[in-house]
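These are the residues of each chain, in order.
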Amino acid sequence: MEWRALVLVLASAAFCMGFGAAVPEQSLREAARASGFLIGTAVRPWALSEAAYASTLAREFNMLEPEDALKWEVVHPEPQSFDFSQADQIVDFATRHGMKVRGHTLVWHRQNPPWLTEGKYTSGELAEILEKHIKTVVGHYRGKVFAWDVVNEAFDELHPGELRSTIWRDQPGIGLAENGSSYIERCFRWTHEADPQALLFYNEAEAETMNPKSDAIYAMVRDFRQRGVPIDGVGFEMHIAHLHADVASIAANINRFTALGVQVHITEMDVALPVDAEGNARAGDLQRQADIYRQIASACVSHPGCTATQTWGFTDKYSWIGSHSKQTEGAALPFDRNYRAKPAYDALRGALEQVRSR
Ligand code: G3I
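Analysis parameters
Residues numbered from 1 in each chain as written. Predicted model: local features only at pLDDT ≥ 70, side-chain atom pairs only at ≥ 80, totals over all residues. Heavy atoms only, no water. Helix = DSSP H or I, 4+ residues; strand = E, 2+ residues; numbered from the N terminus. Rg over C-alpha atoms; globule rule 2.2 N^0.38 Å. Contact = heavy atoms within 4.5 Å. Areas by Shrake-Rupley, 256 points an atom, 1.4 Å probe, with all protein chains shown as cover. Lys, Arg positive; Asp, Glu negative; His and termini not counted. Charge placed at Lys NZ, Arg CZ, Asp CG, Glu CD. pLDDT = per-residue confidence, 0-100. Axes fitted to C-alpha atoms, helices over the stretch in contact; angles between N-to-C directions. Parallel < 35°, antiparallel > 145°, perpendicular 65-115°, else oblique. Left-handed = near helix turned anticlockwise from the far one by under 90°. Nonpolar A, V, L, I, M, F, W, Y, C, P; charged D, E, K, R; others polar. Near = heavy atom within 4 Å. Polar contact = N/O pair within 3.5 Å; in protein donor to acceptor, adjacent residues only side chain to side chain. Disulfide = S-S within 2.5 Å. Buried < 20%, exposed > 50% of the residue type's maximum accessible area, 1.4 Å probe, protein only. Expected span 1.5 Å × (residues − 1). Arc of directions from axis to C-beta.

Chemist: Describe the overall build of the protein chain, with residues and values.
Modeler: Scanning the protein chain for helices and strands turns up 13 helices and 11 strands. For the protein chain, whose C-alpha radius of gyration is 22 Å, the value lies close to the compact-globule estimate of 21 Å for 358 residues. Principal-axis analysis of the C-alpha atoms places the extent of the protein chain at approximately 85 × 40 × 40 Å. Considering only intrachain contacts with a sequence separation of at least 6, the fraction spanning at least 24 residues in the protein chain is 76%. Per element, the accessible surface of the protein chain, about 15,800 Å² overall, is 53% carbon and sulfur. Each charge class in the protein chain can be summarised by its mean position, and for the 35 positive and 46 negative side chains these summaries are 4 Å apart.

Listed below in structure tokens is the structure:
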């Protein structure tokens, strides 16, 4: 029998046995569509010219976020000049493919240009520089970026309930450091003036669970809400290491923040694995990674106030984990380096399919 005829016979047999009734597999984006849930990823502009990168991105996600292209060192390289070329490429891609854009980030202590960090500005000058930066960048993307990480990682790692010492807060700061989070408040107000329609988020690392850092952020957000400071959401980054995630605590944390009337977005999820010299992870670890993706996406999806889950990149080919761990960790994302879906991908999709019933 010719091979094509053999395939036909086998396929017909499978159909008669019920296999043919299987629902065709859908992308993450399709799985999230019915409820309007947002499934996003961080994007590097120069990778958009790679066909597999671009097609996977457009097929699987309905939201994206520039990974580095909106940070000061890229977008504001000189005091008087802004360079939107990288971020514009990403935003144009999103527009062409019907994707929403999160903006990341307006105020951070890292990836700032030397003219800023070494400029020896006074508080007053720094406040002017920051207001101009926020209003120029947010104004450029008004109506195109639906949500901004206004302030990123302002709380300290070593003293988790306390604000970090940064150029913005107290070195020299923008003039309000003695009043706790009031410098952050000022940034939210400037952003709101620049685009009253945009949703404004505070984004943080290691505040996903109930812990001293998330307690401090909770107190700040509650205060902002009570006093009418324009804040709409909190981003929990969700960079998971050592295959450990306290999902019950994450769910409880999502609950308490949404009870304040703000949305929660999971903004930077990845699950780092130990890898060999070729970058390969162990099969058992890939399964455990998938479980973590499933549990965390489910914790978000099953809560109406948790409206987006985003991964920090989508292919293991392009991820910050490798370079930042000297290549001892990696394989953290739902697609491998050849854009093949990993167990984590199926797990994410399974969780997203729950949103239909929300
Ligand atoms: O731009 C320079 C380039 O000129 C130079 O040739 C190259 C050589 O290494 O470095 C380039 O800078 C890199 C930059 O990303 C842009 O690609 C830096 O070395 C690299 O350290 C930097 O890493 C970024 C990191 O933030 C910096 O802190 C990662 O890509 C980015 O994924 C990561 O993202 C952060 C979030 O913004 C906030 N939350 C944590 C998350 C992970 O650290």
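Chemist: Talk me through the confidence of the model for the protein chain; I want residue IDs and the actual numbers.
Modeler: Mean pLDDT over the protein chain works out to 93, with 92% of the residues at or above the 70 mark. Taken element by element, the predicted model of the protein chain shows its lowest mean pLDDT in helix H1 (residues 3–16) (41) and its highest in strand E4 (residues 147–152) (99). Throughout residues 1–21 the model reports pLDDT below 50, and contacts reaching past four residues in sequence, or to other chains, amount to five contacts.

Chemist: Give me the packing of helix H9 (residues 212–226) against helix H10 (residues 247–258): which residues, what numbers.
Modeler: Across the interface, H9 lies against H10 with an axial gap of 10 Å and an inter-helix angle of 15°. The orientation of H9 relative to H10 falls into the category roughly parallel. When the axes of H9 and H10 are compared, the crossing they make is right-handed. Contacts between H9 and H10 pair Ser214, Asp215, Ile217, Tyr218 and Val221 from the former with Asn253, Arg256 and Phe257 from the latter. Of the residues contributing to the contact of H9 with H10, the split by class is four nonpolar, two polar and two charged.

Chemist: How would you sum up the site of the ligand? Please name residues and give values.
Modeler: Around the ligand, a shell composed of 15 residues is seen, among which Glu67, Asp68, Lys71, His104 and Glu153 lie nearest. The separation between an oxygen atom of the ligand and a polar side-chain atom of Gln111 is 3.4 Å. Separating a nitrogen atom of the ligand from a side-chain N or O atom of Glu153 is a distance of 2.7 Å. For the ligand, the protein covers 56% of the area, taking 790 Å² as the surface of the free molecule. Here the shell around the ligand is composed, by residue class, of three nonpolar, five polar and seven charged.

Chemist: Just give me the short version of the state of the cysteines, but keep the residues and values in it.
Modeler: Inspection of the entire model under this criterion finds one disulfide. Each sulfur in the disulfide pair Cys300 and Cys306 lies 2.1 Å from the other. The disulfide joining Cys300 to Cys306 has a torsion of about -100° about its S-S bond and is therefore left-handed. For the pair formed by Cys300 and Cys306, the shared burial category is buried.

Chemist: Hey, could you go over helix H7 (residues 123–140) for me, with residue numbers and the actual values?
Modeler: Between its terminal C-alpha atoms H7 stretches 26 Å, which fits the 26 Å expected from 18 residues at 1.5 Å a residue. When we look at burial in H7, the residues that qualify are Leu126, Ala127, Ile129, Leu130, His133, Ile134, Val137 and Val138. One face of H7 carries all of its buried residues, which in axial projection span an arc of 165°. If you follow the buried residues of H7, they end up packed against helix H4 (72–75), strand E3 (100–107), helix H6 (114–117), E4 and helix H8 (182–194).

Chemist: How would you sum up the side chain of His133? Please name residues and give values.
Modeler: Mapped onto the secondary structure, His133 falls in helix H7. Within the structure, His133 has its side chain in polar contact with the side chain of Trp72 (distance 3.2 Å). Excluding anything up to four places from it in sequence, His133 contacts Trp72, Val75, His76, Phe82 and Leu106.

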